[in-house]
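Topology and contacts: notes
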Amino acid sequence: MIAAARALLALALLAVFYALVAAMVLLWCAFLVAALWAAGEPGVQTPPMSVVTACAAFAPIVFGMVWAVIRTARPAVSREDAVPVTRRGAPELWRTVEELALAVGTRPPARIRLTAEVNASVTEDAPLLGLAPGQRVLYLGMPLLACLPPAELRAVLAHELGHFSRRHSRFGAVAHRGAAGLVAARQAIQEASAANHLVRLYAGWPMLLLGLYTRVFRWLTRPVRRRQELEADREAARVAGPGAMADALRSTAALEAAWQEFLADFLAPMRRATGRIPDDPFRAFAHMVEAPEVREPLAALRARAVERPADPDDAHPALATRLERLARLPAPEPGAEPPFPDPLSPHPLLLQPRYAVALGRVMLSGPDAGKRVPWRDWLTELAEYRATRILTPLAEAVRGVEAAEGVGRLRAGPVTAPETEPIGGPEAERFAGPEAGPVAQPDAALTIQRVLRLLDSGRRMPLARALNSRLDSRLSHGERTPHPEQAERDNPLSALADALAVLIGAQLVARGTAYWAMNWTGPSILVPPDGIAPETIRTWADTAVRLPGQTQRLGLHLAALGVDERAPLPGPAGPVPGEKARRISIAPEVTGPARRRIIGVGAVALTVLVGMTGLTFALWANKDEPSYPRIPVTRWNDRYQPGGGTGTDPAPYPTYQRPTFPDRPTVPTYQPPLPPPIHIEPVIPRSAP
């Protein structure tokens, strides 16, 4: 009953999301029709191009949301970043999964697929929005399989199968599809706005609307999904034991943080610097987890994971809450809990190496993935890279100080070079004195002799300051360069002594008399030849740097070990003069899918824009003109009438009669008034009778 109610709640929320998408589609269609109707209205001076532009900009957004709904409404397809595991390739893993499924009271999954995540999950490709049973798939993270003990791995598998036994898939499938639809819709809008500037202008309010509904959806489904996680924890504790389940939760949280650190601090820098990647990155990660120096950092990660609060967008409760619930469960009866495996025996659930290699190719793919080497050889190269990367800033500092020294001498005046070469080998060349001119050119390869010559000439402090400034600049750009302890960093000569010791160690490694041992929490450790303690070379370098006049003693030690001070390293330490540096850009490269997405978004927007523009201009050009009062004109005569008669034959050319107009009113003529008559008779004299 409760499961059915949960499914109905999730179904209602999913229906509201579909209705929201349908409302946005109808609104877009309404604007489309309004633009066409307005273009054909009489009296419109210009077509409504602003509405047409808005419809063209919204077209990729609407199509992306509809495609997201269609994609999430169908049963889930297999992930492309996962590798399937067959029964023949991992019989022990399949047997363990089937036994745990029987113990929790559910049918086992039909497929098991490996992923490169520190996580495990189950899906059910169920039709009818997840309400009908379907094919079950178990996704298992390869880092968990490579690093977790067998008891903890069984607890993780029992937890995932517990979701099936408690019928969480009825709510989980629908809730997952709703959340996946919201995420896919928002991702479609983000990708469309990133691919086209016109779409970006109108993508604000759809993103805001979907963001608000996503918050409401997660707020309503979060309590139910977190309760399901606690129920799955109880099922796993009943089968594998509360202690094993609690340890698995702590280990998973610590391994997730350690995996991200492995990718960011070891795999990615090595890939950028050398272009080489391990064929099995998961075995290399397991080697890091099993290292003695990593035990304490992993314990700190477990402790911090318990204190970390739950993510508001995460369906899992806080780790402290889950551990508290597990602690309340009764202890298992004696003999009920599975026996603890022998730590010296091999891992019973380990897979064949080909699965890890195939998953590594999926995880690190592309034309710039790098050259794949065996993971043990990659660890050796990683140890050498982490030890000798301080030589690059050392080479730059040496060249900078030598260039400044040469500029100072040129300003002081010309220096006469000795007519004869110094006698006595490298020591004589170093002690020839500053007046003899620089022995090494500034663009020459880095050698021990160049560093010792600067120390003999009193340039230890300028060299140390130049080296420290370059190390600090690398730290400011996010590159982690091994440094001594904080107490030693107070002395500016500590980094110079470390760099000189690494330079000597690199020469010993090049001769084959020493090697670098990997240290995951600091710089690699030099394993010197037999009869010499590891810290002896560091002591020699520190004495030569701090005490003036001790470089000759260091030269004697190096001569006893067969190290030539003038020999350059086999590999270039720093950029080689005249070689063009490789250009590295922080902007992501436009890959094939991204390029196709950009072309598709532009094509949809352009198609709608051109089509709407053509229709609106056609309707606007053919619209009915308004009627105005006009003077009546008689029609053409269609018959020829010679002599004014009435003929029956049609005239070859119509005749046009002059139009008749109404008579104009007669304008009255103006007549000026006549002056009054003047009678002059009375004034004319009369003749006397």
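Residues numbered from 1 in each chain as written. Predicted model: local features only at pLDDT ≥ 70, side-chain atom pairs only at ≥ 80, totals over all residues. Heavy atoms only, no water.

**Focus: the overall build of the protein chain**
- If you tally the helices and strands in the protein chain, you get 23 helices and eight strands.
- Buried positions account for 41% of the 689 residues belonging to the protein chain.
- Long-range pairs, those at least 24 residues apart, make up 78% of the contacts in the protein chain between residues at least 6 apart in sequence.
- Approximately 39500 Å² of the protein chain is accessible, and the part contributed by carbon and sulfur atoms is 59%. (Helix = DSSP H or I, 4+ residues; strand = E, 2+ residues; numbered from the N terminus. Buried < 20%, exposed > 50% of the residue type's maximum accessible area, 1.4 Å probe, protein only. Contact = heavy atoms within 4.5 Å. Areas by Shrake-Rupley, 256 points an atom, 1.4 Å probe, with all protein chains shown as cover.)

**Description of helix H11 (residues 295-307)**
- Taking 1.5 Å per residue, 13 residues should reach 18 Å; H11 reaches 19 Å between its end C-alpha atoms and fits that length.
- Where H11 is concerned, the buried positions are Leu298, Leu301 and Ala305. Angular distribution of buried residues about the axis of H11 spans 55 degrees; they occupy a single face of the element. Turned more than 90 degrees from where H11 packs its buried face, Glu296 and Glu307 sit exposed.
- Next to the buried residues of H11 lie helix H9 (242-274), helix H10 (281-289) and helix H12 (319-328). (Expected span 1.5 Å × (residues − 1). Arc of directions from axis to C-beta.)

**As for the nonpolar core**
- With 123 residues, the main nonpolar core has Phe262 and Trp520 as its most contacted residues.
- It is H9 that provides the largest number of residues to this core, a total of 14 residues.
- For tryptophan 520, the residues in contact, after removing those within four places along its chain, are Phe262, Phe266, Ala284, His287, Met288, Ala291, Glu293, Val294, Leu379 and Leu382.
- Core analysis: the next-biggest nonpolar cluster, separate from the first, contains 33 residues, Leu14, Leu32, Ile61 and Ala179 among them. (Core = buried A, V, L, I, M, F, W, Y, C linked by side-chain atoms within 4.5 Å.)

**What to know about the packing of aromatic side chains**
- Per the stated rule, a full pass over the model turns up eight aromatic pairs.
- Every member of this aromatic cluster is reached through a ring pair, and the members are Trp259, Phe262, Phe266, Phe282, Phe285, Trp378 and Trp520. (Phe/Tyr/Trp six-rings, centres within 6.5 Å; stacked < 30°, edge-to-face > 60°.)

**Looking at the packing of helix H3 (residues 91-104) against helix H8 (residues 204-240)**
- For the pair H3 and H8, interaxial distance at closest approach is 10 Å and the crossing angle is 110 degrees. Regarding the angle of H3 to H8, the classification is roughly perpendicular. Note on packing geometry: the crossing formed by H3 with H8 is right-handed. The segment H3 lies against H8, with Leu100, Ala103 and Val104 engaging Glu235, Arg238 and Val239.
- Grouping the constituent residues of the contact of H3 with H8 by class yields four nonpolar, no polar and two charged. (Axes fitted to C-alpha atoms, helices over the stretch in contact; angles between N-to-C directions. Parallel < 35°, antiparallel > 145°, perpendicular 65-115°, else oblique. Left-handed = near helix turned anticlockwise from the far one by under 90°. Nonpolar A, V, L, I, M, F, W, Y, C, P; charged D, E, K, R; others polar.)

**What about the environment of threonine 252?**
- Within the secondary structure, threonine 252 is located in helix H9.
- Sequence-wise, threonine 252 and valine 156 are 96 residues apart; in three dimensions their C-alpha atoms are separated by 9.1 Å.
- Engagement of the side chain of threonine 252 in a polar contact is seen with the backbone oxygen of alanine 248, the distance being 2.7 Å. (Polar contact = N/O pair within 3.5 Å; in protein donor to acceptor, adjacent residues only side chain to side chain.)

**As for the sheet that holds strand E2 (residues 111-115)**
- Ordered by their spatial adjacency, four strands build an open sheet running E1-E2-E4-E3, and the pairing between neighbours is mixed. Of all strands in the sheet, those bounded by a partner on one side alone are strand E1 (83-85) and strand E3 (120-125). Within this sheet the neighbouring strands show an average axis-to-axis angle of 30 degrees, counted without direction.
- Across the face of the sheet, H3 comes into contact with E1, E2 and strand E4 (135-141) while running at roughly 120 degrees to E2.
- On top of the sheet, helix H5 (residues 150-165) reaches E3 and E4; it is set at about 30 degrees to E3, its chief contact. (Pairing = 2+ DSSP bridges.)

**Remarks on the pattern of salt bridges**
- Applying the stated rule across the entire model yields 15 salt bridges.
- A salt bridge links aspartate 233 to arginine 322; the nearest nitrogen and oxygen atoms lie 2.9 Å apart. A residue pair is termed long-range when its members are at least 10 positions apart, and aspartate 233 in helix H8 and arginine 322 in helix H12 qualify at 89 residues.
- A residue is classified by how much of its surface remains accessible, and aspartate 233, at 2% relative accessible area, is buried.
- Given the relative accessible area of 8%, arginine 322 is considered buried.
- It is possible to trace a salt-bridge network through shared partners that takes in Asp498, Arg538, Asp542 and Arg546. (Salt bridge = Lys/Arg side-chain N within 4 Å of Asp/Glu carboxyl O.)

**Some words on a nonpolar patch on the surface**
- There is a patch of nonpolar side chains on the surface, built from Leu27, Phe31, Trp205 and Leu209 and spanning about 370 Å² of accessible area.
- Those elements giving two or more residues to the nonpolar patch turn out to be helix H1 (2-39) and H8.
- The residue leucine 27 is located in helix H1 in this model. (Patch = residues over 30% accessible without salt bridge, like charges linked within 9 Å, V, L, I, M, F, W, Y side chains within 5 Å.)

**Notes on the pairing of E4**
- The buried fraction of E4 is high, at six of seven residues.
- Pairing of E2 with E4 involves five bridges; the strand directions are parallel. What sits directly across from leucine 114, in E4, is leucine 140.

**Things to note about the environment of tryptophan 378**
- Examined against the element boundaries, tryptophan 378 turns out to sit in helix H14 (residues 375-388).
- A residue is classified by how much of its surface remains accessible, and tryptophan 378, at 0% relative accessible area, is buried.
- With residues up to four places along the chain from it excluded, the contact list for tryptophan 378 reads Phe262, Phe266, Leu267, Met270, Arg276, Ile277, Pro278, Ala284 and Val373.
- Polar contacts involving the side chain of tryptophan 378 include one to the main-chain carbonyl oxygen of arginine 276, which spans 3.3 Å.

**Structural notes on the confidence of the model for the protein chain**
- Overall, the predicted model of the protein chain reaches an average pLDDT of 76, with 70% of residues at or above 70.
- Per-residue pLDDT stays below 50 along residues 483-488; that stretch engages in eight contacts with residues further than four places along the chain or on separate chains.
- A low-confidence stretch, residues 572-591 (pLDDT under 50), is modelled with 13 contacts involving residues beyond four sequence positions or located in other chains. (pLDDT = per-residue confidence, 0-100.)

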